[in-house]
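# Tertiary structure, described
Single-letter residue listing:
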Amino acid sequence: MSGLVILCFLLLQTGVCGFGIFPRFVNTLFNKGSWNHQDITERAILNVTAQVCRSLALSEGKDFSFPSLTATDVAAACQASKSSKSFIETIQRVKSNNWQTDIFRVLSAPHHCDNENIKEGQKLITDGLSVVKAANKQQNFVSATSSLGTLLHTLQDFYSHSNWVEIGNTFPNSNLIRANAPVGNIAAITRATCRNCDGDNCKNNILEDILTEKVLTSGYFHLLSSSSKPFGKCSHGGDLDRTKGKEPTGGINKDTFTSEHGHLHSQAANLAIAATSELLEDVRSAAGDKEFLRMMGLYKGRPLCFCVDTTGSMGDDIQAVKDVTSSIIDSKLGTEDEPSVYILVPFNDPDFGPLYQTTDPKVFKSYINSLIPNGGGDFPEMSLSGLQLALTGAPPNSEIYVFTDATAKDEHLRNPVLALIEQTKSVVNFMITNVFGFRRRRQADDNQQQSVRMARADTQLYKDLAQASGGQAVEVSKGQLLEAINTLTESTSSSLIVLLQAARNPGRAENFTVAVDESVRNLTVYITGASVDFTLISPSGVIQNSVNRTGSLTVSSQSVGNLQTLQLQTQPGVWEIRMKSTNPYSLKVIGESSIDFLFNFIKVSNSVFGEFSLIENRPTAGGNASLLVTMIGSEVATVTEVTLVESAGSGQVNSTVEALGGGEYVVHFDRIPSVQFVVLVKGQNDNSISRASSGVFQRQSTTSLRASTLNVAVDESDIVLEPGTPRSVTFSVMKAGEGGNVIIQATNDKSFTLHYPTTLILDAGGSATGSVNITAPPNTPSGTSVTLTIEAAAPGADSNYVVLRLTVLPKVTDFTPPVCKLLSLQSNCSDNCSQSMWDLSVQVTDGVNGTGVDRVSLREGSGALNISMAADNENVTLVSYVASCCSPDVQLMAVDQVGNVEICSYSVRRTQPATTISSVTTAVTSFSTRNNFSIFICFGFTVLSFLLLSLGW
């Protein structure tokens, strides 16, 4: 069974023709609102994700109730409530890459299927789909979802910008997502397609012969020139289209209800949702259900990521890592906090990597147990290279633990690592052992006092990176390491939130307040530093100081090395923590809660569409700024205050908060701090019943941010890197109104060969362009993601960066899905189905020029599946299936090496006597895209939906 019948099932099950879409359409009809790319994309993602979770639940014998289509409810229905934050973040990433096509590719006709560039648009879609599938196969989910968002814009625009709806189609054009497949009869460049509109009425401006012959056309669009439209062609239309005034006048776009063909906006949006769902189903089939959910950021527990120094002196440390790994895995296995993925990055000198990644805890244990300490010459190690690889390989918002007893040899990576920390918002904890043990003497004539000073200075780099990420830099002896790791990793819940974090260097006396709301559990305080005194004051006024760490306010406390940990009695209300020390210290207060927030700096786009765009590096210093804040985990929590707070001081910048609805807020600042800062959000949770807490909550970002006078940008339209072929990445650097020199540094996490200018001279207007040439080795596996970081630094400490994720992809030549050939079907089914069985034998091949069958799995069916290779031909996969006659249907899903998918469906009739396929072929029905009955049912529901809409229901 192919795409159309699967899509029909999807439409009926997930709401494109049923429960999911009608309420929104009714709302838009009465409120004159219009569907946009974000709406369409999110609705389809939620639809398909719910369907995936339903299939997994049913395969495990569990019940599943379809949720309301919000990210929080879908995550809960998928039994992954604690990952709703990462799910929302993934949806935002897809949506952002989608609508930014309107900003950065406004005049590219293929990206919008304008100017009859439909075949060209198809190529953008299918090329992007190849990237998504290849990246998924390598578990590079950030690359996959970024590419997914871009290609979805082109796919969705087809239904609004072409005449697909006008020529009577009620189903998506499935061939748009199949490379080299015919998309329809596209009008020749010399063929007229439109007439003048009747004033403002454009309902009948497409020529009758175009509609009758079902010829495809799309409107021409240009911001500056009307002459770009050939004679007789339709225009896109709208206020900004210069071609609409050239005969034939008007337009045919269905972007909104007020567009020239706005009367068809609902149908176009409906088809765009269905087409987006169909493409997501194809991605799902290629990846598998569980991997699809991981791509979407839905998982049970937080990733567990270790970055381990493997030099000779690290034997005790590595054993501690092995012990704590077993402890975490054993204690979390089968719980909702079981890590979603396990990542290990070893480093040494001069080597680092590779990155090991698995979802199997037993496999991860084997990776850890295979670590053998060896080698080591001079003192420093490649710790930042290992960390850079971990930051690019781990999911965003991960918590990474770095284990080392040496300083960094690759200090030049400090700024690229900071850039990755800021972009991924991951937390980095350094476990530093034997700092003053001098496992390798730096120089023969070093005296001990000098070496101690040097060691302290060198570990400051780790402390700076930990502070920037919101992590800890814990200094312990090797004998204390296991206790320290256990202390930090006790809480690995996905619902961890930060209420307060601050660092003071040099130390000083200071009082901090923390508003703890009723949703917070497991309230914990971390303090790092030597000889730090503190006093706790609870909301009820109870006082406890550092001399008595086991007082009435604490559930438990630990002290190891320079780290003190206190788990507090969780009392709602405002806590006070009074710190007193002249030594450097850091303070962090965390808890567990469903209420959290996401944030991104934004700028109002110069795009003609008036959207805002995300700032994916450092915001511009010296002016005002805006922040997009999204609250998650509560339908009643509201934001009342957002502040930018200096990370190492008490300075702050207040804001004005504007509610957008749906938990989103735009926050405006008149300036940005000139030093590192964090984002502090305060608000009101109306579910509060405690008089002490008054419903007030606060949350803080873990990552410290900074502004820059520089702006670095890169063309992200082509993110494919062909193995063995140099690729030039063009970037630009700007600095308002100033010329001068900037230093350029480019790095990547795979050590691919790079060539780039080390300096650029900004012209009088403060701008310059350059390029980085990068080459992937010829043997680089398809789907490998390489993260390229380009940094520009002005004289002084000011710098900015751009991070580009490239996907390695050889030229794809296999566009044909595998083929299923039924060899035999035997059944002995009767009215008493539980007493009889049936079996099936199928041969699966991928053709002479195919890349080979990657896997065959059950999409539907409760029987036993057995897969083997043909004894005489390794390119032939043999599949046998045995099931009870109570389960008469089966769907096999065959996927080749590049992600082409074929769904092969078979059904046995329960009342048929024992037979084989050779004698009675009516015992099996093989469904396909041309199954008329399925198409008839789905067509009926589609017509019904349009009828209800036209009646104003």
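Report on the accompanying structure. Computed from a predicted structure; not experimentally measured. (Residues numbered from 1 in each chain as written. Predicted model: local features only at pLDDT ≥ 70, side-chain atom pairs only at ≥ 80, totals over all residues. Heavy atoms only, no water.)

### A few points about the sheet that holds strand β32 (residues 759-762)
Defined as follows: One requirement defines pairing of two strands: DSSP has to find at least two bridges between them. Secondary structure follows DSSP: runs of H or I at least 4 residues long count as helices, runs of E at least 2 residues long count as strands, and numbering of each begins at the N terminus.
Here we have five strands laid out as an open sheet, ordered β28-β35-β34-β30-β32, and mixed in their pairing. Each edge of the open sheet carries a strand with a single partner, namely β28 (720-721) and β32. Where strand β30 (residues 740-748) and strand β34 (residues 785-793) come together, six bridges link them in antiparallel fashion. In the strand pairing of β34, N748 is matched with L788.

### Here's the deal with the sheet that holds strand β22 (residues 652-653)
Backbone hydrogen bonds hold the strands of a sheet together, and the pairing may be parallel or antiparallel. Strands sit in the order β22-β21-β25-β26 across an open sheet of four strands; the sheet is antiparallel. Looking at the sheet topology across the chains shown, the edges are occupied by β22 and β26 (696-700). Relative to β26, strand β25 (residues 677-685) runs antiparallel, the two being bridged by five bridges. Across the sheet, the residue bridging to L680 is Q700, located in β26.

### Overview of the state of the cysteines
Here is the rule: Put simply, a disulfide is two cysteine sulfurs that come within 2.5 Å. Residue burial is assigned from relative accessible area. The probe radius is 1.4 Å, only protein chains are included, and a residue is buried under 20% of its type maximum, exposed over 50%, and partly exposed in between.
For the coordinates displayed, the defined rule picks out six disulfides. Two residues share a disulfide in this structure: C53 and C78, whose sulfurs sit 1.9 Å from each other. The sign of the S-S torsion, about 105°, decides the handedness of the disulfide formed by C53 and C78: right-handed. Highlighted residues: C53 in helix α3 (residues 37-59) and C78 in the loop between α4 (71-77) and α5 (84-99), separated in sequence by 25 residues. Taken individually, C53 and C78 each receive the classification buried, so the pair is uniform in this respect. The disulfide partner of C829 is C885, and the gap between their sulfur atoms is 1.9 Å. Here C829 and C885 share a disulfide; its torsion about the S-S bond, -75°, makes the bridge left-handed. Of the two residues, C829 sits in the loop between β36 (819-827) and β37 (837-845) while C885 sits in the loop between β40 (873-884) and β41 (889-896), which places them 56 residues apart along the sequence.

### Thoughts on unusual backbone geometry
In this model, D349 is joined to P350 through a cis peptide bond whose omega is 15°. With respect to the element layout, P350 can be found in the loop between β4 (342-347) and β5 (356-358). A cis amide bond links G353 with the next residue in sequence, P354, at an omega value of 0°. Its location among the elements puts P354 in the loop between β4 and β5. Even without glycine at this site, Q79 takes up a positive phi of about 60°.

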